[in-house]
Structure formats: structure tokens, C-alpha cells
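# Structural description and commentary
Here is how the chains run, residue by residue.
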Amino acid sequence: MAASVLLVLAACMWSGAPLCSAARILPLNHRPIIGVLAQENLPDDSFARGSSYIAASYVKFLESAGARVVPVRINRTEDEYTKLFYSLNGLLLPGGDVDLQTSQFGRVTRIFYNLALRANDAGDYFPIWGTCQGFQQLSVLTAKKNLLTLTNTKAVALPLTLTPAAQSSRLFRGFPRDLLQSLSDENITPNFHSWSLSMQNYSRNAKLKRFYKVLSTNSDGEKEFISTMEAYRYPFYAVQWHPEKSPFEWIDKPGMVHTTSAIRTSFYTASFFVSEAMKSRHHFSSPAEEQKALIYNFSPIYRGVNAVFIQNYYFD
Ligand SMILES: *[C@@H]1O[C@H](CO)[C@@H](O)[C@H](O)[C@H]1NC(C)=O
Ligand SMILES: *[C@@H]1O[C@H](CO)[C@@H](O)[C@H](O)[C@H]1NC(C)=O
């Protein structure tokens, strides 16, 4: 114990990075609570009530790995988000289909992203996870512009082309060897996106290049795009694919995959992010405040096995 603490301290003194804050040597928080950001309802959603939703698969994904979830609802004041930020141990930005620059989803992400930059700089650990649209939103925030390009990746399962950096990355280094092998050999990452961050645009943008380390790429046959990345100096992670779909969504269409290795990938991915949230010391001001905020206060709506999201939570 003492020796490992000394090692971490020594490593931290050399690197001087926010990731090496004192938070890392404090005991872990084994009751992490992660915010999942809601977004504007899709215009053609006949099940919709209220103005925003969260696909339940993102909630189950985090719960499967030992976290509790609080919905982060759109259309609240900046003060309310700031208070929530200091109550939560991490934030997950789901996939979806909103305008990254003009939506409430974009607005709330920007508020949390800026709070997280400042907190992590000050040694206050706060991880952010972006899936699909969440990935894209993070790239827009970091680059301060939209560098995305259209790709032919609407419904396809792909193997990851892992970069040399993947092996030693925070995200992948705890994955079992055989699972990393499956990830590179088997078509097990579900892709459901029209927009991607190409390697070309990433490489030409100094802000992105300095901020994110590329862990995997993919191609639609013409354009090589980033499928997994993590920030160098912040606990920020982004996947263009959907780890939450394999165990929890059942629409029968190309790109959906439910093999054992796909399900294991989902679990190890969730478990990684939850272990990051365990390093955060944030907490609600009282048990009553915590209980009021948790997702258990809401019930998901069943939308049919063949809906793109089998269950959604809806919010005013
Ligand atoms: C909430 O939504 C309403 C209606 O779209 C808008 O006028 C208002 O500015 C929003 N409030 C916040 C805090 O974003
Ligand atoms: C690069 O970004 C621009 C937007 O600034 C976009 O129009 C273009 O398609 C992108 N090119 C590639 C190859 O990603």
C-alpha cells in the first residue's frame, strides 16, 4: 500500500498532469453516481411525453457496472447545472440526433465540459464519457468548431483497428487480452452514425491533436475516422460506436450484435468508466437531495422490441 502510494506520488510529480491529482490516492468512492444527459425528443417519436428523453440502455449500461444514475435534464439554469456538477461523480453523453451547436443538449454539455476542465485542473477528478453523438459533441467543444464529415456508417458492426497507443491506454489496458483480440478481429462494435471525425481533420487540427489520443480507427471504405479516443490530460473518453446496445437494445437490423464478446466489451467498457467515477469525491448535499435526483423517481416507457430504443425515460 505505502509503496504504491509513493509510486503514484512520484509519477505525479514527474508528469504534473491533472490526471495525477491527489484524488487518485484517496480511497475509492464505491457508491458512484453518474449523470446521463437528456436531449430533445425526436420529432417522430410517438411515445414521447414532455420535451426530452434518455434511452434506458445508457442507464442499464452504467448500472450493470455498479453505478447509480441521475438524469441531467435539459432547459435548466447554469446555477442548477453547477450544483449538480458538484453532486455527481461523472457524466455520460449519449448518442442521439440533435444539433450540436444550437440544441439544449449542446448547451448543457458545454457547461459541464467547462466545469470539468476547471475541476480536473484543480485536482478535482471528474470523468466524462461520450458515445456517438457524445463523441461528436466533445470533438466540437475541444476544437471549438464542427470538423465532422459524412461517412457511410449508418448500420454496421465493425472490428476496431486499435492503434499502438491502445495497449497502454487507460481505457483499454485493463481489458482481458482475448477481448482486445476479439475487438480487433470480430465485427462487434455497433456503428449507427452519419457523421464522423476523420483522421485527416483530426490530424490537421492542433487543438484536437494535442487534447486526444487516438485509440482506434475505422473506415467506411473511403474515409478513415476515429472510433475511440481518450484525452491525454483529462479523464475524458469518447467512442463513436455503441457499447450500450449489445446487451440492452433488440432492434433487428444490421449493425446490432449480441455475441458473447460484444456483451463482454459492453461490460468492460462500462466497468472502466464506473471505476473512473469512483475516483470522484463529489456528493449531494444530503441523502434526501440524492434520493430526489436519482433516476428511480422515473419509469421508463416500453416502446417495442423493434424500436431503436426499446425503453426511454421521458422528462418535462
Ligand atoms: C427553456 O426553454 C424555453 C422554451 O424553449 C426557453 O425560452 C428558455 O430560455 C429555456 N431556459 C433555459 C434555462 O435554457
Ligand atoms: C473537415 O472538416 C470540414 C468542416 O470544417 C468538413 O467540411 C470536411 O468534410 C472535413 N473533411 C474531412 C475529410 O473530414
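Up top is the structure.
Here is a short report on the structure shown in this document. (Residues numbered from 1 in each chain as written. Chains lettered and ligands numbered in written order. Predicted model: local features only at pLDDT ≥ 70, side-chain atom pairs only at ≥ 80, totals over all residues. Heavy atoms only, no water.)

## Some thoughts on the overall build of the protein
Looking only at helices and strands, the protein features eleven helices and 14 strands. A compact globule built from 316 residues would reach a C-alpha radius of gyration of about 20 Å, and the protein, at 19 Å, matches this within 12%. Oriented by its inertia axes, the alpha-carbon framework of the protein measures out at about 55 × 50 × 40 Å. Of all 316 residues assigned to the protein, the portion counted as buried reaches 57%. (Helix = DSSP H or I, 4+ residues; strand = E, 2+ residues; numbered from the N terminus. Rg over C-alpha atoms; globule rule 2.2 N^0.38 Å. Buried < 20%, exposed > 50% of the residue type's maximum accessible area, 1.4 Å probe, protein only.)

## Re the packing of aromatic side chains
Inspection of the entire model under this criterion finds 18 aromatic pairs. The interplanar angle of 90° and the centroid separation of 4.9 Å between the aromatic rings of Phe85 and Tyr86 together place this pair among those described as edge-to-face. Exposure remark for Phe85: the relative accessible area of 0% places this residue in the buried category. Tyr86 gets classed as partly exposed once you look at its relative accessible area, which sits at 39%. Joined through ring pairs, the aromatic side chains of Tyr81, Phe85, Tyr86, Phe112 and Phe126 make up one cluster. (Phe/Tyr/Trp six-rings, centres within 6.5 Å; stacked < 30°, edge-to-face > 60°.)

## Here we look at the site of ligand 2
Taken together, Asn146, Leu147, Leu148, Thr149, Ser198, Gln200 and Asn201 form the complete shell of residues around ligand 2. At 3.5 Å, a backbone N or O of Leu147 approaches an oxygen atom of ligand 2. In the environment of ligand 2, an oxygen atom lies 3.2 Å from a nitrogen or oxygen atom belonging to the side chain of Thr149. For ligand 2, whose accessible area on its own is 360 Å², the fraction buried by protein is 57%. For the shell around ligand 2, a count of residues per class yields two nonpolar, five polar and no charged. (Near = heavy atom within 4 Å. Polar contact = N/O pair within 3.5 Å; in protein donor to acceptor, adjacent residues only side chain to side chain. Areas by Shrake-Rupley, 256 points an atom, 1.4 Å probe, with all protein chains shown as cover. Nonpolar A, V, L, I, M, F, W, Y, C, P; charged D, E, K, R; others polar.)

## Some words on the site of ligand 1
Taken together, Asn75, Arg76, Gln104 and Arg107 are the residues near ligand 1. One nitrogen or oxygen atom from the side chain of Asn75 is found 2.4 Å from an oxygen atom belonging to ligand 1. Arg107 places a side-chain nitrogen or oxygen 3.4 Å from an oxygen atom of ligand 1. Its free accessible area being 360 Å², ligand 1 has 35% of it covered by the protein chains. Within the shell around ligand 1, the residues separate by chemical class into no nonpolar, two polar and two charged.

## Some words on the pattern of salt bridges
Any two side chains of opposite charge can pair, on the condition that their charged atoms come close. Scanning the entire structure with this criterion turns up seven salt bridges. Here Glu230 and Arg170 are joined by a salt bridge, their closest N and O atoms 3.8 Å apart. One end of the pair, Glu230, is in strand E11 (residues 224-231); the other, Arg170, is in the loop between strand E8 (161-162) and helix H6 (177-185), with 60 residues separating them in the sequence. A relative accessible area of 1% places Glu230 in the buried class. With a shortest N-O distance of 3.4 Å, Glu289 and Lys292 are connected by a salt bridge. Here Glu289 pairs with Lys292, and both are found in helix H11 (residues 287-293), just three residues apart, close to one helical turn. You can call Lys292 exposed: its relative accessible area is 59%. Ionic contacts of the salt-bridge type, sharing partners, join the residues Lys83, Glu289 and Lys292 into one network. (Salt bridge = Lys/Arg side-chain N within 4 Å of Asp/Glu carboxyl O.)

## Remarks on the pairing of E11
For E11, the buried fraction is high: seven of the eight residues fall into the buried class. Inspection of the sheet shows strand E10 (residues 212-219) paired to E11 by seven bridges, in the antiparallel sense. Residue pairing for E11: Ser219 is matched across the bridge by Glu224. As consecutive antiparallel partners, E10 and E11 are separated by four residues, and within that stretch Gly221 has a phi angle of approximately 105°, a positive value. In terms of strand pairing, E11 meets strand E12 (residues 236-239) through three bridges, oriented antiparallel. (Pairing = 2+ DSSP bridges.)

## A few points about a positive patch on the surface
A cluster of like positive charges, contributed by Lys144, Lys145, Lys207 and Arg210, occupies part of the molecular surface. Structurally, Arg210 is set in helix H8 (residues 206-211). (Patch = residues over 30% accessible without salt bridge, like charges linked within 9 Å, V, L, I, M, F, W, Y side chains within 5 Å. Lys, Arg positive; Asp, Glu negative; His and termini not counted. Charge placed at Lys NZ, Arg CZ, Asp CG, Glu CD.)

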